[in-house]
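Chain residues, written in single-letter form:
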Amino acid sequence: MKVIHYATFFSDKNVIPTQKTLKVNTSDVKELTLTKDIYRVITFDRYVGSVDLKGRKIKVASQKINQKLYHIGKYENLDKLSKKDPFFVELAKAGDCIGMVTSPNGMETLVFRGEGILDPLNKEDKIVMQSSAQENVASTTEKTNKEKRNSETTI
């Protein structure tokens, strides 16, 4: 058995969302070639090999493993978004959303805890916000909200 890396690219060409899964050399999202119309990438691996069954070789592959989702574009947390649309932010918080990413082509996607963010427009190199950093952002926001609720109820 060997590990094969895959990436599913989500793009928005001519207002029609499409997705394409390809074999890639690495599951490191920073090494992938991204075009401006791509707004989301999912990387994953599979164990692929063959088994001998009654003298016949049968190809087998595992389920998707090590799956990671990355949003491409500029990230805005809920605090920043609350200045634009407070009602949207209340709905987003109820759905466990931690922010929104706007891709270079204008596509907006919600970001949830544990998902990665790739911002190719920030500085010269691609920057990835790791899942642990996002969870810290989300837990800090939740802690602040919890403190606000507690202070409101203890008046």
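Definitions and cut-offs
Residues numbered from 1 in each chain as written. Predicted model: local features only at pLDDT ≥ 70, side-chain atom pairs only at ≥ 80, totals over all residues. Heavy atoms only, no water. Salt bridge = Lys/Arg side-chain N within 4 Å of Asp/Glu carboxyl O. Buried < 20%, exposed > 50% of the residue type's maximum accessible area, 1.4 Å probe, protein only. Core = buried A, V, L, I, M, F, W, Y, C linked by side-chain atoms within 4.5 Å. Helix = DSSP H or I, 4+ residues; strand = E, 2+ residues; numbered from the N terminus. Pairing = 2+ DSSP bridges. Axes fitted to C-alpha atoms, helices over the stretch in contact; angles between N-to-C directions. Polar contact = N/O pair within 3.5 Å; in protein donor to acceptor, adjacent residues only side chain to side chain. Contact = heavy atoms within 4.5 Å.

A.B. asks: Even after reading the chapter, I still don't get the pattern of salt bridges, so can you show me in this structure?
C.D. replies: Side-chain pairs of opposite charge can arise where the charged atoms are in close proximity. Scanning the entire structure with this criterion turns up one salt bridge. A salt bridge links Lys84 to Glu76; the shortest N-O distance between them is 2.8 Å. By relative accessible area, Lys84 is classed as exposed at 59%. We classify Glu76 as buried; its relative accessible area is 8%.

A.B. asks: Help me out: how do you make sense of the nonpolar core in this one?
C.D. replies: One recurring pattern in soluble globular proteins is that nonpolar side chains are buried together. Residues Ala7, Phe9, Val24, Val29, Leu32, Ile38, Val41, Tyr70, Ile72 and Leu118 constitute the largest nonpolar core, which totals 10 residues. At the level of elements, strand E1 (2-13), strand E3 (38-53) and strand E5 (65-72) are the ones that each hand at least two residues to this core.

A.B. asks: Help me out: how do you make sense of the environment of Gly114 in this one?
C.D. replies: Mapping Gly114 onto the fold places it in the loop between strand E8 (108-112) and strand E9 (116-119). You can call Gly114 partly exposed: its relative accessible area is 31%. Separated by 16 residues in sequence, Gly114 and Ile98 place their C-alpha atoms 9.8 Å apart.

A.B. asks: Before we go on, may I ask you to explain the sheet that holds strand E6 (residues 74-77) in this structure?
C.D. replies: Two pairing modes exist for strands in a sheet, parallel and antiparallel, and in both the strands are linked by backbone hydrogen bonds. Read across the open sheet, the three strands follow the order E6-E7-E8; overall the sheet is antiparallel. Each edge of the open sheet is held by one strand with a lone partner, namely E6 and E8. Looking at each pair of strands side by side, their axes are set apart by 30 degrees on average, direction ignored. Where strand E7 (residues 97-102) and E8 come together, five bridges link them in antiparallel fashion. Across the sheet, residue Gly99 finds its bridge partner in E8, namely Val111.

A.B. asks: Honestly, unusual backbone geometry in this entry has me stumped. Any pointers?
C.D. replies: With glycine set apart, most residues show a phi of negative sign, and most peptide bonds adopt trans. For Lys54, which is not a glycine, the phi torsion comes out positive at approximately 55 degrees. Mapped onto the elements, Lys54 comes out in the loop between E3 and strand E4 (56-61). The class for Lys54 is exposed, based on a relative accessible area of 82%. Despite not being glycine, Asn66 shows a phi value in the positive range, around 55 degrees.

A.B. asks: How should I be thinking about the side chain of Thr8 in this particular structure?
C.D. replies: In this fold, Thr8 is placed in strand E1. Here the side chain of Thr8 touches Thr21 through a polar contact of 2.7 Å, side chain to side chain. Thr8 has contacts with Gln19, Lys20, Thr21, Arg40, Val41, Ile42 and Phe44, leaving out every residue within four places of it along the chain.

Coordinates in, geometry out; function isn't part of it.
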